[in-house]
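Descriptive structure summary
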Amino acid sequence: MAAPLEHVEISNSAVHCTHTTENTSDNTKVNTDEDDDDDDEDETHEPRIRETPEDIKLEAISNTLAFHPSRDILAFGDLDGDIYAYSYSCTEGENKELWSSGHHLKSCREIAFSGDGEKLFSVSKDKCVHMMDVEVGKLVTRIQKAHSAPINTLLVVDENILATGDDGGTVKAWDLRKGSAFMDMKHHEDYISSLAVDQAKKILLTASGDGTMGVFNLKRRRFELLSEFQSGDLTSVAVMKRGRKVVCGSSEGTIYIFNWNGFGATSDRFAVKAESVDCIVPVTDSIMCTASMDGYIRAINVMPNRVIGCLGQHVGEPIEQIAKSRDVHFLASCAHDQLIKFWDISKLPAMMVNDYRKRKKRDGRLASLSNKALGGNDFFNGLVEEPEKMEEVEGEDEQEDDSDSGSD
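Residues numbered from 1 in each chain as written. Predicted model: local features only at pLDDT ≥ 70, side-chain atom pairs only at ≥ 80, totals over all residues. Heavy atoms only, no water.

**What to know about the side chain of S194**
- Position of S194 among the secondary structure elements: in strand β14 (residues 192–197).
- Under the relative-accessibility criterion, S194 is labelled buried at 11%.
- Of note is the side chain of S194, whose polar atom sits 3.3 Å from the backbone nitrogen of V237.
- Once residues within four sequence positions are removed from consideration, S194 is found in contact with T153, L205, T206, A207, T235, S236 and V237. (Helix = DSSP H or I, 4+ residues; strand = E, 2+ residues; numbered from the N terminus. Buried < 20%, exposed > 50% of the residue type's maximum accessible area, 1.4 Å probe, protein only. Polar contact = N/O pair within 3.5 Å; in protein donor to acceptor, adjacent residues only side chain to side chain. Contact = heavy atoms within 4.5 Å.)

Structure follows, in structure tokens:
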């Protein structure tokens, strides 16, 4: 409800002051104009415009972050259960905190904006699901004891459906109009690490610490199948190649690729020289950004499978999550160094893998893909001792023409 308008009385002294100003002599006006000119001469320093917004320094490690779908706002949640919303800008000094919320009692695990950007959803170790008003940071809805185990991940499917996954392997789908779950299933033996949905909003995909990918039909409200077991935890899942491929990252640094409607077994797989592939953010149908425990953010092309280069790094610190801005201009990352960093990814959509291979360096070092990665402010000292030719694991025969299985 809008606040009532306040009635403001103008005092006699205020009116008198205005009248006096209007009747000042011409000489006084000239002096005032001269003073203004002096002030203009003093204001010679314009704010510096940066390639990316400045880093945001946090009071606690952030687990999760998300960009607003239509405004220059970034939200993030931390280990203390607090959630912050910041406006960001490339103008130096213009990053500003809009509001903060401390409604979660334990660590905030993941956040996501609604499609219209008016609501912000969050899940926590305290087993609650929160919905907040983005404009003022006010808690609108709380679903207490939404899961019997701490909630690890969430996905906004559409304006009416929210999916969540917990540490025990349970997946739920919520009808936001009723505030209740219409699907509650446990087919995984370990935590749910990531969720994804197809363009039709029909098939929900899950990645789990038990090494399998799960397939759930939201329309029919039923479980479909689990993939074969993979080595290590599956840590992330995303739909690529115009819906024809599904990719999963793993704790061992291997990327597993599934054909759509062929979820039982992988169609291809390849290993990145990384400690893990913890986060995946698709940038185009073929290019994705990944983050790892080794602190590196890599750009990777899928089919043909190539590490294009490195966008940036949190030096020696595990990265918790990455997210892309609505205009696909920035990537933001949060890590154990208690910093949120921004990276320029505007050139990635125009990159071609073939061009990259022609420009291969001969010193065995991975290409840096942004100006910040070239060494400004000691950024990449000792970076990228990673060979450009990545180690690949042979996969099953790929039926599509863009397969890269077995290539050098």
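**With respect to the sheet that holds strand β22 (residues 279–282)**
- One open sheet accounts for 4 strands, arranged β22-β23-β24-β25; its pairing is antiparallel. Strands at the two margins of the open sheet, each flanked by one partner only, are β22 and β25 (306–313). Averaged over all pairs of adjacent strands, the angle between their axes in this sheet comes to 25°, without regard to strand direction.
- Where β22 lies against strand β23 (residues 287–291), 4 bridges are found, and the strand directions are antiparallel. Bridge pairing in β23 places P282 opposite M288. (Pairing = 2+ DSSP bridges. Axes fitted to C-alpha atoms, helices over the stretch in contact; angles between N-to-C directions.)

**Comments concerning the nonpolar core**
- Counting 18 residues, the largest nonpolar core has C289, I297, L311, I322, L331, I345 and L348 as its most contacted members.
- Put simply, the parts of the chain that give this core at least two residues each are β22, β23, β24 (296–301), β25, β26 (319–324) and β27 (330–335).
- The element that contributes the greatest number of residues to this core is β23, accounting for 3 residues.
- Apart from the residues lying within four places of it in its own chain, the contact partners of C289 are C279, I280, V281, V283, R298, L311, I322, L331, I345 and L348. (Core = buried A, V, L, I, M, F, W, Y, C linked by side-chain atoms within 4.5 Å.)

**Let's talk about the pattern of salt bridges**
- Per the stated rule, a full pass over the model turns up 11 salt bridges.
- As a salt-bridge pair, R109 and D167 come within 3.2 Å of each other at their nearest N and O atoms. Here R109 is found in strand β6 (residues 108–113), whereas its partner D167 is found in the loop between β11 (161–166) and β12 (170–175), with 58 residues between them in sequence.
- Here D167 falls in the partly exposed class, since its relative accessible area comes to 27%.
- Several salt bridges share partner residues, and in doing so they unite R48, R50 and E92 into one network. (Salt bridge = Lys/Arg side-chain N within 4 Å of Asp/Glu carboxyl O.)

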